[in-house]
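Observations on chain architecture
Each chain is listed here by its residues.
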Amino acid sequence: MNGIAPIVAVEAAPLPDFLRSRHKVSVVMVVYMTGEALEESLSCVMADPLVDELVLVDNGSTPIEAARLKALSERDRRVVLLEGHGNVGFARGANLGAARASGDVLVFLNPDAFLQRDCIAALVRAIEDRPTPCIVGGRVLNADRTEQRGARRGDITPMAALLSLSSLARLVPGWRRYEVHWENDAAPEQVSEVPTISGACFCMRRQDFDTVGGFDEGYFLHVEDVDLCWRVRRAGGTVLFHPKAEVIHLGHTSQTSPLKVEFHKGVGLARYFRKRARSLSQHVLAWVLSPLIVCTAVVRPMMWRLRGRAT
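A few points on the structure. These numbers come from a predicted model, not from an experiment.

1. Things to note about the overall build of the chain
From N to C terminus, the chain includes 10 helices and 11 strands. Looking at the 311 residues of the chain, the share that counts as buried comes to 53%. Restricting to contacts in the chain with at least 6 residues of sequence separation, those with at least 24 account for 83%. Here the chain has roughly 14,600 Å² of accessible surface; of this, 54% comes from carbon and sulfur atoms.

2. Remarks on the nonpolar core
Across soluble globular proteins, nonpolar side chains have a tendency to be buried as a group. Membership of the largest hydrophobic core comes to 44 residues, with the highest contact counts inside it found for Met 29, Val 45, Leu 54, Leu 56 and Leu 109. Not counting residues within four places of it along the chain, the set of residues in contact with Leu 56 comprises Met 29, Val 31, Leu 42, Leu 69, Leu 72, Val 79, Val 80, Leu 81 and Leu 82. In this structure, Val 28, Ala 94, Phe 108 and Val 239 belong to the second largest nonpolar core, which totals 26 residues.

3. Observations regarding the pairing of strand S6 (residues 134–141)
Within S6, seven of the eight residues are buried, which leaves the element mostly enclosed by the surrounding structure. Sheet topology places S6 next to strand S11 (residues 238–249); eight bridges connect them, and they run parallel. Looking at S11, one finds that Ile 135 is bridged to Val 239. When S6 meets strand S10 (residues 201–205), the two strands line up antiparallel, connected through three bridges. Pairing of Val 136 across the sheet is with Cys 203, part of S10.

4. Here's the deal with a nonpolar patch on the surface
Taken together, the side chains of Leu 280, Val 284 and Val 288 present a nonpolar region at the surface, about 310 Å² in accessible area. Overall, Val 288 belongs to the exposed group, its relative accessible area being 55%.

5. As for the packing of helix H8 (residues 224–234) against helix H9 (residues 258–276)
Following both chains from N to C, one finds H8 and H9 inclined at 20 degrees, their axes separated by 10 Å at the closest point. Classified by the angle between their axes, H8 and H9 sit roughly parallel to one another. When the axes of H8 and H9 are compared, the crossing they make is right-handed. Packed against H8, whose contacting residues are Val 226, Asp 227, Trp 230 and Arg 231, the element H9 presents Tyr 272, Lys 275 and Arg 276 at the interface. The residue makeup of the contact of H8 with H9, split by class, is three nonpolar, no polar and four charged.

6. Digging into the pairing of strand S3 (residues 79–82)
Residues Val 79 and Leu 81 of S3 are buried on one face, and the alternating residues Val 80 and Leu 82, pointing to the opposite face, are buried as well. One ladder, built from four bridges, connects strand S2 (residues 53–60) with S3; its direction is parallel. Bridge pairing in S3 places Leu 56 opposite Leu 81. As a crossover connection, the stretch from S2 through helix H2 (residues 63–75) into S3 is right-handed.

7. What to know about the pattern of salt bridges
Opposite charge on two side chains makes pairing possible when the charged atoms of those side chains draw close. In the structure shown here, the tally under the stated rule is 17 salt bridges. Across the pair Arg 78 and Asp 76 runs a salt bridge whose closest N-O atoms are separated by 3.1 Å. The buried category is assigned to Asp 76, whose relative accessible area is 17%. Among the ionic pairs, Arg 149 bridges to Glu 183, the shortest N-O distance being 3.6 Å. Here Arg 149, found in the loop between S6 and strand S7 (152–153), pairs with Glu 183, found in the loop between helix H6 (168–171) and strand S8 (192–193); they are 34 residues apart in sequence, far enough to count as distant. With relative accessibility at 16%, the residue Glu 183 sits in the buried group. Connected through salt bridges with shared partners, the residues Asp 216, Asp 227, Arg 231, Arg 271 and Lys 275 form a single ionic network.

8. As for H2
Over its 13 residues, H2 runs 18 Å from end to end, which matches the ideal 18 Å to within 8%, given 1.5 Å per residue. Along H2, the positions that sit buried rather than exposed are Glu 65, Leu 69, Leu 72 and Ser 73. One side of H2 holds all its buried residues, which, seen down the axis, span an arc of 95 degrees. Away from its buried face by more than 90 degrees, H2 exposes Pro 63, Ile 64, Glu 74 and Arg 75.

Conventions and cut-offs
Residues numbered from 1 in each chain as written. Predicted model: local features only at pLDDT ≥ 70, side-chain atom pairs only at ≥ 80, totals over all residues. Heavy atoms only, no water. Helix = DSSP H or I, 4+ residues; strand = E, 2+ residues; numbered from the N terminus. Buried < 20%, exposed > 50% of the residue type's maximum accessible area, 1.4 Å probe, protein only. Contact = heavy atoms within 4.5 Å. Areas by Shrake-Rupley, 256 points an atom, 1.4 Å probe, with all protein chains shown as cover. Core = buried A, V, L, I, M, F, W, Y, C linked by side-chain atoms within 4.5 Å. Pairing = 2+ DSSP bridges. Patch = residues over 30% accessible without salt bridge, like charges linked within 9 Å, V, L, I, M, F, W, Y side chains within 5 Å. Salt bridge = Lys/Arg side-chain N within 4 Å of Asp/Glu carboxyl O. Axes fitted to C-alpha atoms, helices over the stretch in contact; angles between N-to-C directions. Parallel < 35°, antiparallel > 145°, perpendicular 65-115°, else oblique. Left-handed = near helix turned anticlockwise from the far one by under 90°. Nonpolar A, V, L, I, M, F, W, Y, C, P; charged D, E, K, R; others polar. Right-handed = clockwise from strand over helix to strand, strands pointing away. Expected span 1.5 Å × (residues − 1). Arc of directions from axis to C-beta.

The following block contains the structure:
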């Protein structure tokens with residue numbers, strides 16, 4: 001695929017000594033109309049020496065993609081393919097994959113994300129001996145290796161979401177404290193605790209994933225990772241960002257309409273704020289802001305299209 005081959009690490013990395021006696025690692029990948037990026041993503045996963053199992057959850061693929069997934073599962077015993085359930089959403093699909101996985105360490109990976117050398121090794125090592133529950137996310141990069149928006153984030157509140165979605169937190173100096181995205185800040189040298197990591201690539205012990213109840217299936221697409229991080233913290237656990245565990249994430253590869261994607265993001269955020277509200281005033285604020293949050297999210301792809309036409 002044009003522009004992808006030079007940035008993909010598909011060579012099998014040597015197995016680190018500390019991992020020769022280790023737990024079983026299962027990668028869970030939910031697939032939906034991903035396109036040509038899927039093949040490269042799968043190549044990276046299968047080349048990693050730590051991957052004992054790859055659970056592919058096919059929420060919906062073209063006939064060509066479905067045939068390729070079927071062929072891969074038939075020729076490689078590490079691959080488990082779940083299909084025929086339709087598009088049940090990411091959260092439910094990921095839970096289906098986790099339930100079928102046999103590993104006691106779970107790595108969730110987007111189908112348009114390309115593992116870089118030693119990424120899984122770094123994630124697995126970071127989670128060892130950590131208090132439970134714990135979740136560790138990788139450093140998600142764009143194709144040009146700049147850090148991607150959303151790889152590490154602050155605590156996402158209703159006000160922060162509105163000002164960040166509308167870009168006002170970036171444009172108005174007095175509101176910059178509400179910016180929840182930290183990709184423009186210098187990356188830490190070591191594994192660091194953060195409020196929220198990206199769902200594009202992260203690792204959890206199965207025990208921890210089960211302890212917090214897995215993904216909340218009330219989210220269809222987006223925000224389920226924010227919710228999971230919040231529940232880990234609420235349970236007294238730790239959310240970690242690993243600056244050395246790199247993964248290149250293309251994003252926007254699905255054939256789904258950007259308008260539909262952003263709508264689901266807005267609906268998910270509104271639901272998340274209603275869910276975490278505790279006091280009466282917080283409940284009222286969450287309900288009042290819900291339609292505004294959804295509208296703000298939906299307007300974004302419209303503005304992207306207008307700006308694209310302008311250029």
